[in-house]
Amino acid sequence: MPGSRIHEAHSRGLDTKEAIIEGFSRSGPVVVAAAAIMAAVFAGFCLSGDSLVGSIALALTVGVLTDAFVVRMLIMPATLALFGNRSWWLPAKLDRLLPRIDAKGLSIEDSDTGDRLRKNPVDSTIGG
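Focus: the pattern of salt bridges
- Counted according to the given criterion, the structure contains five salt bridges.
- The salt bridge involving Glu8 is made with Arg5; its shortest N-O contact spans 3.6 Å. Remark: Arg5 and Glu8 occur in helix H1 (residues 2–11); sequence separation between them is three residues, near one turn of the helix.
- The buried category is assigned to Glu8, whose relative accessible area is 14%.
- As a salt-bridge pair, Asp67 and Arg72 come within 2.8 Å of each other at their nearest N and O atoms.
- Residue classification places Asp67 among the partly exposed residues on the basis of a relative accessible area of 30%.
- Through salt bridges with shared partners, one network takes in Arg12, Glu22 and Arg26.

Okay, structure coming up:
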């Protein structure tokens, strides 16, 4: 999730370091909360009487916490910061071969922001 937010911020025109700060500040609390919930659930299974279930639960707990705090909050942002704008580089041949998927509709928002506001009368009546 932090990677997606960082990429979205960079796509909006922020440089890499500003995109890291923006994306990390928006998604960091969500990652911490999700990791805490998952770790608590898995840790609850550690108290199981079955040694196999307890060992798997312990491994899952450690894995979730490592992924959330070490990989997503330390290694990934640090790597993006070190690479700078080269983080977003894609070879030209590969760029031509890969399809452009705009799942969030950002290109539509950029092209018809005025049309969208005119179609939604609620936006024009708020506060007035």
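Remarks on the side chain of Thr61
- Of note, Thr61 is situated in helix H3 (residues 51–83).
- With relative accessibility at 11%, the residue Thr61 sits in the buried group.
- Of note is the side chain of Thr61, whose polar atom sits 2.8 Å from the backbone oxygen of Ala57.
- Ignoring anything within four residues of it in the chain, the contact list for Thr61 reads Ala39, Phe42, Ala43 and Cys46.

Some details on the environment of Leu80
- Mapped onto the elements, Leu80 comes out in helix H3.
- Separated by 74 residues in sequence, Leu80 and Ile6 have C-alpha atoms that sit 9.4 Å apart.
- Residues in contact with Leu80, not counting those within four places in the same chain, are Ile6, Thr16, Ile20, Ser87 and Trp88.

How each quantity is defined
- Residues numbered from 1 in each chain as written.
- Predicted model: local features only at pLDDT ≥ 70, side-chain atom pairs only at ≥ 80, totals over all residues.
- Heavy atoms only, no water.
- Salt bridge = Lys/Arg side-chain N within 4 Å of Asp/Glu carboxyl O.
- Helix = DSSP H or I, 4+ residues; strand = E, 2+ residues; numbered from the N terminus.
- Buried < 20%, exposed > 50% of the residue type's maximum accessible area, 1.4 Å probe, protein only.
- Polar contact = N/O pair within 3.5 Å; in protein donor to acceptor, adjacent residues only side chain to side chain.
- Contact = heavy atoms within 4.5 Å.

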